[in-house]
Protein chains: 2
Amino acid sequence: MIGGSMKIIIVGLGLIGGGIAKALKKSTAHEIMGIDTDESTLEMAADTGAIDGIASAEDIAEADLIYLCVYPQACLSFMKENLYSIKQSCIITDCCGIKREIVSGIKDLQKERSFVFIPAHPMAGKEKNGFAESDPAIFQGASYIIATEEESAAAETLSELAKKMGFGRIVRTTPEKHDRIIAFTSQLPHVLACAYVLSPQSRLHSGFSAGSYRDVSRVADINAELWTDLFLDNADDLLAEIDTLIENLSKIRKDIAEPDREKVFGFLSKAAEIKRAIDN
Amino acid sequence: MIGGSMKIIIVGLGLIGGGIAKALKKSTAHEIMGIDTDESTLEMAADTGAIDGIASAEDIAEADLIYLCVYPQACLSFMKENLYSIKQSCIITDCCGIKREIVSGIKDLQKERSFVFIPAHPMAGKEKNGFAESDPAIFQGASYIIATEEESAAAETLSELAKKMGFGRIVRTTPEKHDRIIAFTSQLPHVLACAYVLSPQSRLHSGFSAGSYRDVSRVADINAELWTDLFLDNADDLLAEIDTLIENLSKIRKDIAEPDREKVFGFLSKAAEIKRAIDN
């Protein structure tokens, strides 16, 4: 199918959906149609050439591939509404940051009518949201995670398109492993950034901060609605990571309070060793 | 004095001392002499023109300005050894990351023989150490903190030199305020980065990480010897910040565990609001 021309629909033209539309328009000859609840976003996407047009009910029925680029509940609502109009050969994929929840919701719908769903997580983002901020450059070299280890033509098609969009690496995993690791690599840093800036000292930082302040606090200007969902959808894994972090913080807190110079030195040396090992 | 030519000695030609030597050589006509316990560092500094020569006992006696760019205890040892040979008009300054400790040690020495000491903290660094890594570019736009609010010709001289080195801002404060705020802006992010990478998940991050992982973990490849000293020298302020952070982490942990969607949303919204307010 990747050889011929596909009709691709992007549902939700925000930061990620807008970026996918622009990237596919730029690097493929497929027909890219858009759907969004916001009229002005749709107009902007059509006017700037990010999409070939606004998807009609007919387009949905004819679509070969649909990228769901909205919140988990909105993904499921869209699928419910269009369950019987979508072609059974159509590939459905999503961009949700947590995979177990969406996969479970989709599985319930597949009991009603079978369709091809490939859970995916394009690991890219920035601190601002919306179509106007979307830019395929954020995909450059990033990981495109496909949260199923099952081989299929559909997964192959998505991998090839992700490479064309500029993703540097296609990672195959399961929803469970994905959510466990993401709790550490992505959710915990966001929790941390927010907890960090809540210190009363944060208002006094001007003139006293350098790179380490900037880096830890960067993602604190968070999309609260999106991340509340992501945190609650992955509560078990995230709570385990928060607990591990509090445990480690409490450990070095105790060593500093003693004070036990050797233990503090040991803690920092071990961290430095791990950081060098994992990044090389 | 800033008009004429000064004899300036840099004690310790590591990342900071090496950077100061190179910056002063590049942007002033002063005579820059170096001292280091490592012979090969001294040779490299002389060979690359970062210093005009290796400081002799005579140079120390003639020095108009001395930058102490070594660990706090080594700063005090150098001053003890040279207390009676240094000119009383010579300006002594340091680069220690914590100010109360060094200021208190210097005050004890000043009871024995008075000399001009201006505590300073050039807020710049990177993950690697040593002369070979030193680069005046890290000073560009950074804060040069002078930890005394008292006006003096010596402080004025140091401010003018800092501007010539490329620092973007001269901040005047007290050792107490400095240490309190630095505990939050610099020490806590380093504690955090180390506690963060100690999670068992960190070894699995490859392919699952994006900007937020990279940013939080960046400084975990820490100079354990230097930071053990800095943490212990500022234990009271740092412990207060660690406690505040653990408190905030425990709060959102509880809200996620409930789960209380409204409280999680409120926590994140408040953090986003603060982050926007403090960075604008």
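Residues numbered from 1 in each chain as written. Chains lettered and ligands numbered in written order. Predicted model: local features only at pLDDT ≥ 70, side-chain atom pairs only at ≥ 80, totals over all residues.

Student: So what's going on with the overall build of chain A? Which residues, and what values?
Tutor: The helix and strand tally for chain A stands at 11 helices and nine strands. Among the 280 residues that make up chain A, the fraction classed as buried is 52%. (Helix = DSSP H or I, 4+ residues; strand = E, 2+ residues; numbered from the N terminus. Buried ≥ 20, exposed ≤ 12 C-beta atoms within 10 Å, placed from the backbone.)

Student: Can you tell me about the relation of the copies chain B and chain A, naming the residues and giving the values?
Tutor: For the pair chain B and chain A, the best superposition has an RMSD of 0.0 Å and corresponds to a rotation of 180° with a translation of 0.0 Å parallel to the axis. Put plainly, the chains are arranged around a two-fold axis. Here 100% of the contact residues of chain B are again contact residues in chain A; the copies associate through an equivalent surface. (Least-squares fit on C-alpha atoms with pLDDT ≥ 70 in both. Contact = placed C-beta atoms within 7 Å.)

Student: Tell me about the confidence of the model for chain A, and name the residues and values.
Tutor: Mean pLDDT over chain A: 95, with 99% of residues reaching 70 or higher. Model confidence for the complex is summarised by a pTM of 0.88, with the ipTM given as 0.88. (pLDDT = per-residue confidence, 0-100.)

Student: With reference to specific residues and values, describe unusual backbone geometry.
Tutor: What is expected of a backbone is that most residues other than glycine have negative phi and most peptide bonds are trans. Here E258 of chain A and P259 of chain A are connected by a cis peptide whose omega angle stands at -10°. Relative to the helices and strands, P259 of chain A resides in the loop between α10 (235-257) and α11 (261-279).

Student: Account for the interface of chain B and chain A, naming residues and giving values.
Tutor: Taken together, the contact pairs 77 residues of chain B with 77 residues of chain A. Those elements giving two or more residues to the side of chain B that touches chain A turn out to be β8 (143-146), β9 (169-172), α7 (175-197), α8 (211-217), α9 (224-233), α10 (235-257) and α11 (261-279) of chain B. No other element matches α10 of chain B, which puts 15 residues into the side of chain B that touches chain A. In the side of chain B that touches chain A, the residues fall into 47 nonpolar, 18 polar and 12 charged. (Nonpolar A, V, L, I, M, F, W, Y, C, P; charged D, E, K, R; others polar.)

Student: Before we move on, could you go through the packing of α10 of chain B against α11 of chain B and cite the residues and values that matter?
Tutor: All names here are of chain B. Viewed as axis vectors pointing N to C, α10 and α11 meet at an angle of 150°, and their least axial separation amounts to 8 Å. Crossing geometry of α10 relative to α11 is assigned as left-handed. From α10, K251, I252, D255 and I256 reach across to α11, where they touch K263, V264 and F267. (Axes fitted to C-alpha atoms, helices over the stretch in contact; angles between N-to-C directions. Left-handed = near helix turned anticlockwise from the far one by under 90°.)

Student: A description of the sheet that holds β9 of chain B should follow, citing residues and the corresponding values.
Tutor: Strand pairs in the sheet, formed through backbone hydrogen bonds, run parallel or antiparallel to each other. All names here are of chain B. One open sheet holds the three strands; their spatial order is β7-β8-β9, and the pairing between them is mixed. If you trace the sheet from one side to the other, it starts and ends with β7 (120-122) and β9, each paired once. Neighbour-to-neighbour, the strand axes of this sheet turn through a mean angle of 20°, independent of strand direction. Here β8 runs beside β9; their pairing, made up of four bridges, is parallel. What sits directly across from Y144, in β9, is I170. (Pairing = 2+ DSSP bridges.)

Student: Tell me about the nonpolar core, and please be specific about residues and values.
Tutor: Counting residues in hydrophobic clusters, the biggest one holds 188 residues, and the most contacted among them are I10 and C194 of chain A together with I10 and C194 of chain B. With residues near it in sequence (within four places) discarded, I10 of chain A still touches G17, I20, A21, I32, G34, I51, Y67 and C69 of chain A. (Core = buried A, V, L, I, M, F, W, Y, C linked by C-beta atoms within 7 Å.)

Student: Give me the pairing of strand β1 (residues 7-11) of chain B: which residues, what numbers.
Tutor: Residue and element names in this part refer to chain B. With five of five residues buried, β1 is to be regarded as a mostly interior element. Residue alternation in β1 divides its side chains into two sets, K7, I9 and V11 and I8 and I10, and both sets are buried. The sheet contact formed by β1 and strand β2 (residues 31-35) spans five bridges and is parallel. Across the sheet, residue I10 finds its bridge partner in β2, namely G34. As paired strands, β1 and strand β4 (residues 65-68) are joined by four bridges and run parallel to one another. Residue pairing across strands places V11 opposite L68, the latter belonging to β4.

Student: I'd like to hear about the packing of α10 of chain A against α7 of chain B, residue by residue, with values.
Tutor: Two numbers describe how α10 of chain A lies on α7 of chain B: the axes approach to 9 Å, and their chain directions differ by 125°. In terms of orientation, α10 of chain A lies oblique with respect to α7 of chain B. The element α10 of chain A and its partner α7 of chain B pack so that their crossing is right-handed. Between α10 of chain A and α7 of chain B, the residues in contact are L245, N248, L249 and I252 of chain A and V191, A195 and Y196 of chain B, respectively. Considered class by class, the residues forming the contact of α10 of chain A with α7 of chain B number six nonpolar, one polar and no charged. (Parallel < 35°, antiparallel > 145°, perpendicular 65-115°, else oblique.)

Student: Residue-level account of the domain arrangement of chain A, with values.
Tutor: All names here are of chain A. Taken domain by domain, chain A comprises domain 1 (7-173) and domain 2 (178-279). Computed from C-alpha coordinates alone, the two centres of domain 1 and domain 2 are separated by 31 Å. The element that contributes the greatest number of residues to the side of domain 1 that touches domain 2 is helix α5 (residues 99-112), accounting for three residues. Here the side of domain 1 that touches domain 2 is composed, by residue class, of five nonpolar, four polar and four charged. (Domains from an automatic or database assignment.)

Student: Account for the sheet that holds strand β1 (residues 7-11) of chain A, with residues named and values stated.
Tutor: Taken together, six strands build an open sheet; the order of strands is β3-β2-β1-β4-β5-β6 (chain A) and the sheet is parallel. Each edge of the sheet is formed by a strand with only one pairing partner; in this case those strands are β3 (53-54) and β6 (116-118) of chain A.

Student: Describe the environment of M123 of chain A, and please don't skip the residues or the numbers.
Tutor: Along the chain, the position of M123 of chain A falls in the loop between β7 (120-122) and β8 (143-146). Those residues in contact with M123 of chain A that lie beyond four places of it in its chain are A142, S143 and I145 of chain A together with A210 of chain B.

Student: So what about the pairing of β2 of chain B? Which residues, and what values?
Tutor: Residue and element names in this part refer to chain B. With five of five residues buried, β2 lies mostly within the body of the structure. At this point the chain moves from β1, through helix α1 (residues 15-27), to the parallel β2, and the crossover so formed is right-handed. Sheet topology note: the β2/strand β3 (residues 53-54) ladder contains two bridges and is parallel. Across the sheet, G34 pairs through a bridge with I54, a residue of β3. Chirality of the crossover, the property in question, places the unit of β2, helix α2 (residues 39-47) and β3 among those that are right-handed. (Right-handed = clockwise from strand over helix to strand, strands pointing away.)

Student: Summarise the environment of S217 of chain B; cite the residues concerned and give the values.
Tutor: All names here are of chain B. Mapped onto the fold, S217 is located in helix α8. Overall, the presence of 25 C-beta atoms within 10 Å leaves S217 in the buried class. With 74 residues separating them along the chain, S217 and S143 place their C-alpha atoms 23 Å apart.

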